[in-house]
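# Summary of structural features
So the chains spell out like this:
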Amino acid sequence: MQKHNGNGGKQFQMPGFCRKIASYVRTRILHIPQRIECEDYDKKLLNEDSAFGVMEAYRMLRTNLLYTGALADHAIIGLTSAMPNEGKTLTCMNLAISFAMAGKKTLIIDGDMRNPSQIKGFGTPIHLGLSEYLSGIRKDPVIQKTGRDNLFLMVAGKRPPNTAELLASPRMKELLESLREEYDVIFLDLPPIGLVSDTMVVAEMVDGMMLVVQAGESDARNVQAAIASLEQMKAHILGVVLNNVSQKAGGYGRYGRYGKYGKYGSYGAYDAPAEANEK
Amino acid sequence: MEISLKDLWKALRKAWVWMLLCALLFGGAAYVYNSVFVKKQYSSSITFGLRLKTAPTEVGAYSQSVAVANAILPQLMTILVKDKTAEDLLQYCADKVEWAEAKAAEADAAGDAEAAAEYRAIVKDYTLSKKYTGLSLAGSTSIDYDSVTKTNYNMCIKVTYRTDSPQDCAVLCHAMSEHINSVLETFSPLYVFKPYTEIYTGTKVAPNARNQAMLFGFVGLLIPYVVAFIAVLVDRRIYTEDALRSICPNYAILGQIPTIEIQQEEKQHAEA
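Fair warning: this is a prediction, and the values are worked out from it, not measured in the lab.

### Brief notes about the overall build of chain A
- Helix and strand counts for chain A stand at 11 helices and nine strands.
- Here chain A holds 279 residues, and the buried ones make up 56% of them.
- Considering only residue pairs separated by 6 or more positions, chain A has 76% of its internal contacts joining residues 24 or more positions apart.

Structure representation (structure tokens):
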């Protein structure tokens, strides 16, 4: 089944009953875990007590990102997904935390002004942010501390009626260029590219784009369409992040057997952050 | 698709309750449908024997007659089932009824009540409850080997009629037993061809609700498997790194973030 989205493209979705049966077969019969619908970001954000596997996954992501060459200097990285609810906000937050933990001065800009979510994650007090700056209400960008070392946040602000126009404005470009000097890494959390055109206008302003794909949720055709859209905008695609990978689906690859080695989990307790603190 | 048929089969075996439920549901539905809604069919059959008119005198003549009977058998069977024969049979029944009615009327006029009753019995015997055509008559022939071994006929042919009325198929068999001589005369004057069995009437042959229930029960057993397989087959969602790599081969897979379940599991391990 295919629907046309506002972007002129096609949005693919399986018929509802097929989706339900396939999900039932995978979850109940094949026992493949599915995504948990949870808005409680506090439990999902990386911290020193986070599980070893998760910490390691984000560390791996950070390392791979460094190896792409996009982070040679003060880099601006955009994160998007094909469709909503694929975990890009959480990935963006945790990746930024991972960089901050590594000592990089990191900024998250919530570029999804239509559906701001970063503010929920960090619980920052000030609700003014990107939209106020881009629309000229605020002369200076409102950047807040997140309560974590080296990590700063610029929330989306009040939802404006013309998000795409604001993001495409020269003021956005100026903002990114000015912030580039101050921060080692800037992560731009963008709306899903398969639904709205906001991401496409920002794609050329950033150094690289990352596409977040939700395992067991993202439709292959939507992902292909998202990549095609980014390619069309001549965006620099750094790579793809597979989120919510199930161990039992075999998607965890060679490391799929982590769960069996219980003692591996204990490595997380005295890993990098703890060592850094001791020093 | 990263799930093979074998994996799915193994997994579905665990969901045996669903499979059993589907089997029972399909089997039960088939049984009820066949018992209540499907029109019942009855069958009557009659066996004819084929034998040389004159007894063989020379050595080997008997086996020769068997060989001849075997040679003419296909033609004979074709004649017995073809539409023209069925139409002749129906016409025979109609003529017989007409003749018996006329005779009964004559007997009534003559005041012979006994003869009139006999003729009316013939009318009853040859009256079909429904109107058939040559094409709609489901006649079939087969070689009755059991009868060949039991009797001294060179060949035995069983003719079966199947209709939704037990009386009608009996009437047809009865008419066939009388009508067949005329068929044989045109066929071969050397052979005796006559019915020797009783006409089996009113045997219900269809629908066989029990067999249908078993068949559909088996189909029902496979339904969850087929549905699950199709659902997984048309599922275009990405589950694994390999699937993602095949979709965007030009870009790196920067990382894989495990599920919350795994996080919790590992956390428990860490705590332990």
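### A look at the overall build of chain B
- A count of helical and extended segments in chain B gives 10 helices and six strands.
- Residues counted as buried form 40% of the 272 residues belonging to chain B.

### Section: the nonpolar core
- Judged by nonpolar contacts, the single largest core of 48 residues is most densely connected at Ile109, Leu130 and Met172 of chain A together with Leu244 of chain B.
- The element that contributes the greatest number of residues to this core is helix 10 (residues 220-232) of chain A, accounting for five residues.
- Excluding residues within four positions of it along the chain, Met172 of chain A makes contact with Leu130, Leu134, Leu166, Leu167, Leu188, Val202 and Met205 of chain A.
- Ranked by size, the runner-up nonpolar core spans 33 residues in total, among them Met55, Tyr58, Val185 and Val212 of chain A.

### Points about the pattern of salt bridges
- Enumeration according to the criterion identifies nine salt bridges over all chains in this entry.
- For Arg221 of chain A, the salt bridge goes to Asp219 of chain A, with nearest N and O atoms at 3.1 Å.
- Judged by its relative accessible area of 21%, Arg221 of chain A falls in the partly exposed class.
- Put simply, Glu241 of chain B and Arg245 of chain B hold a salt bridge, and the shortest N to O gap is 2.2 Å. With a gap of four residues between them, Glu241 of chain B and Arg245 of chain B both fall in helix 9 (residues 241-247), about one helical turn apart.
- Under the relative-accessibility criterion, Glu241 of chain B is labelled buried at 16%.
- Residue Arg245 of chain B is classed as partly exposed on the basis of its relative accessible area, which comes to 39%.
- Residues participating in the shared-partner salt-bridge network are Glu177, Arg180 and Asp207 of chain A.

### Brief notes about the pairing of strand 3 (residues 155-163) of chain B
Residue and element names in this part refer to chain B.
- The buried count for strand 3 comes to seven of nine residues, which makes it a mostly enclosed element.
- When strand 1 (residues 41-52) meets strand 3, the two strands line up antiparallel, connected through nine bridges. When the sheet's bridge partners are listed, Thr47 is paired in strand 3 with Lys158.

### Some remarks on the side chain of Asn34 of chain B
- By secondary structure assignment, the location of Asn34 of chain B is in helix 2 (residues 16-36).
- If near-sequence neighbours (up to four positions away) are discounted, Asn34 of chain B is found in contact with Pro207, Ala209 and Gln212 of chain B.

### Section: the packing of aromatic side chains
Residue and element names in this part refer to chain A.
- Tallied over the full model, the rule gives five aromatic pairs over all chains.
- The aromatic ring of Tyr183 is capped on one face by Lys105, whose charged end is 4.9 Å from the ring centroid.
- Directly above the aromatic system of Tyr133 lies the positively charged group of Arg171, at a separation of 4.2 Å from the ring centroid.

### What to know about unusual backbone geometry
Residues and elements named next belong to chain A.
- Phi at Asn150 takes a positive value of approximately 65°, unusual for a residue other than glycine.
- For Asn244, which is not glycine, the phi torsion reads 60° and is therefore positive.
- Within the secondary structure, Asn244 is located in strand 9 (residues 237-245).
- The exposure class assigned to Asn244 is buried, which follows from its relative accessible area of 9%.

### Quick look at helix 8 (residues 209-234) of chain B
Residue and element names in this part refer to chain B.
- In this model helix 8 runs 36 Å from its N-terminal to its C-terminal C-alpha over 26 residues, within 8% of the 38 Å that 1.5 Å per residue would give.
- Along helix 8, the helix axis deviates most sharply at Leu222, where the bend reaches about 35°; the proline Pro224 sits within four residues downstream.
- By the burial criterion, the buried members of helix 8 are Ala209, Ala213, Gly217, Gly220, Pro224, Tyr225, Ala228, Ala231 and Val232.

### Let's talk about the environment of Tyr126 of chain B
Residue and element names in this part refer to chain B.
- Note on placement: Tyr126 falls in helix 5 (residues 113-126).
- With 29 residues separating them along the chain, Tyr126 and Val97 place their C-alpha atoms 6.0 Å apart.
- The residues contacting Tyr126, other than those within four sequence positions of it, are Tyr92, Cys93, Lys96, Val97, Val171, His174, Ala175 and Glu178.

### Looking at the packing of helix 3 (residues 52-67) of chain A against helix 4 (residues 88-101) of chain A
Residue and element names in this part refer to chain A.
- Following both chains from N to C, one finds helix 3 and helix 4 inclined at 80°, their axes separated by 9 Å at the closest point. Between helix 3 and helix 4, the interaxial angle falls into the category roughly perpendicular. Touching Met55, Tyr58, Arg59, Leu61, Arg62, Leu65 and Leu66 of helix 3 are Leu90, Thr91, Asn94, Leu95, Ser98, Phe99 and Met101, all from helix 4.
- Counted by class, the contact of helix 3 with helix 4 contains nine nonpolar, three polar and two charged residues.

### Topic: a nonpolar patch on the surface
Residues and elements named next belong to chain B.
- A cluster of nonpolar residues, Trp9, Phe218, Leu221, Leu222, Val226, Ile230, Leu233 and Val234, forms a patch on the protein surface that exposes about 670 Å² of accessible area.
- Looking at which element gives the most residues to the nonpolar patch, the answer is helix 8, with seven residues.
- Its place among the elements puts Val234 in helix 8.
- Accessibility expressed as a relative area gives 36% for Val234, which makes it partly exposed.

### As for the confidence of the model for chain A
Residues and elements named next belong to chain A.
- Confidence along chain A averages 77 in pLDDT terms, with 72% of residues attaining 70 or more.
- For residues 4-8, every residue scores under 50 in pLDDT, and the model assigns this stretch 12 contacts once sequence neighbours within four places are set aside.
- Long-range and interchain partners of residues 249-279, a stretch whose pLDDT sits below 50, account for 40 contacts in this model, where long-range means more than four residues apart.

### Focus: a positive patch on the surface
- A cluster of basic residues, Lys6, Lys10, Arg13 and Lys14 of chain B, forms a positive patch on the protein surface.
- If you trace the backbone, Lys10 of chain B turns up in helix 1 (residues 5-14).

### Topic: the sheet that holds strand 6 (residues 151-154) of chain A
- Strand order in this open sheet of eight strands is 5(A)-6(A)-4(A)-7(A)-3(A)-8(A)-9(A)-6(B), and the pairing throughout is mixed. One side of each edge strand has no neighbouring strand; the edge strands of this open sheet are strand 5 (144-145) of chain A together with strand 6 (253-258) of chain B.
- This element, helix 3 of chain A, spans strand 3 (75-81), strand 7 (185-189), strand 8 (208-214) and strand 9 of chain A together with strand 6 of chain B of the sheet and lies at about 170° to strand 6 of chain B.

### Side note on the side chain of Ser218 of chain A
- Within the secondary structure, Ser218 of chain A sits in the loop between strand 8 and helix 10.
- What makes Ser218 of chain A buried here is its relative accessible area of 0%.
- Only 2.8 Å separates the side chain of Ser218 of chain A from the side chain of Glu86 of chain A, close enough to count as a polar contact.
- A polar contact is formed between the side chain of Ser218 of chain A and the backbone nitrogen of Gln214 of chain A, at a distance of 2.8 Å.
- Those residues in contact with Ser218 of chain A that lie beyond four places of it in its chain are Glu86, Val213 and Val223 of chain A together with Arg236, Arg237 and Ile238 of chain B.

Procedures and definitions
- Residues numbered from 1 in each chain as written.
- Chains lettered and ligands numbered in written order.
- Predicted model: local features only at pLDDT ≥ 70, side-chain atom pairs only at ≥ 80, totals over all residues.
- Heavy atoms only, no water.
- Helix = DSSP H or I, 4+ residues; strand = E, 2+ residues; numbered from the N terminus.
- Buried < 20%, exposed > 50% of the residue type's maximum accessible area, 1.4 Å probe, protein only.
- Contact = heavy atoms within 4.5 Å.
- Core = buried A, V, L, I, M, F, W, Y, C linked by side-chain atoms within 4.5 Å.
- Salt bridge = Lys/Arg side-chain N within 4 Å of Asp/Glu carboxyl O.
- Pairing = 2+ DSSP bridges.
- Phe/Tyr/Trp six-rings, centres within 6.5 Å; stacked < 30°, edge-to-face > 60°.
- Lys NZ or Arg CZ within 6 Å of the ring centre and 35° of its normal.
- Expected span 1.5 Å × (residues − 1).
- Bend = angle between axes of the 7 residues up to and from the residue.
- Axes fitted to C-alpha atoms, helices over the stretch in contact; angles between N-to-C directions.
- Parallel < 35°, antiparallel > 145°, perpendicular 65-115°, else oblique.
- Nonpolar A, V, L, I, M, F, W, Y, C, P; charged D, E, K, R; others polar.
- Patch = residues over 30% accessible without salt bridge, like charges linked within 9 Å, V, L, I, M, F, W, Y side chains within 5 Å.
- Areas by Shrake-Rupley, 256 points an atom, 1.4 Å probe, with all protein chains shown as cover.
- pLDDT = per-residue confidence, 0-100.
- Lys, Arg positive; Asp, Glu negative; His and termini not counted.
- Charge placed at Lys NZ, Arg CZ, Asp CG, Glu CD.
- Polar contact = N/O pair within 3.5 Å; in protein donor to acceptor, adjacent residues only side chain to side chain.

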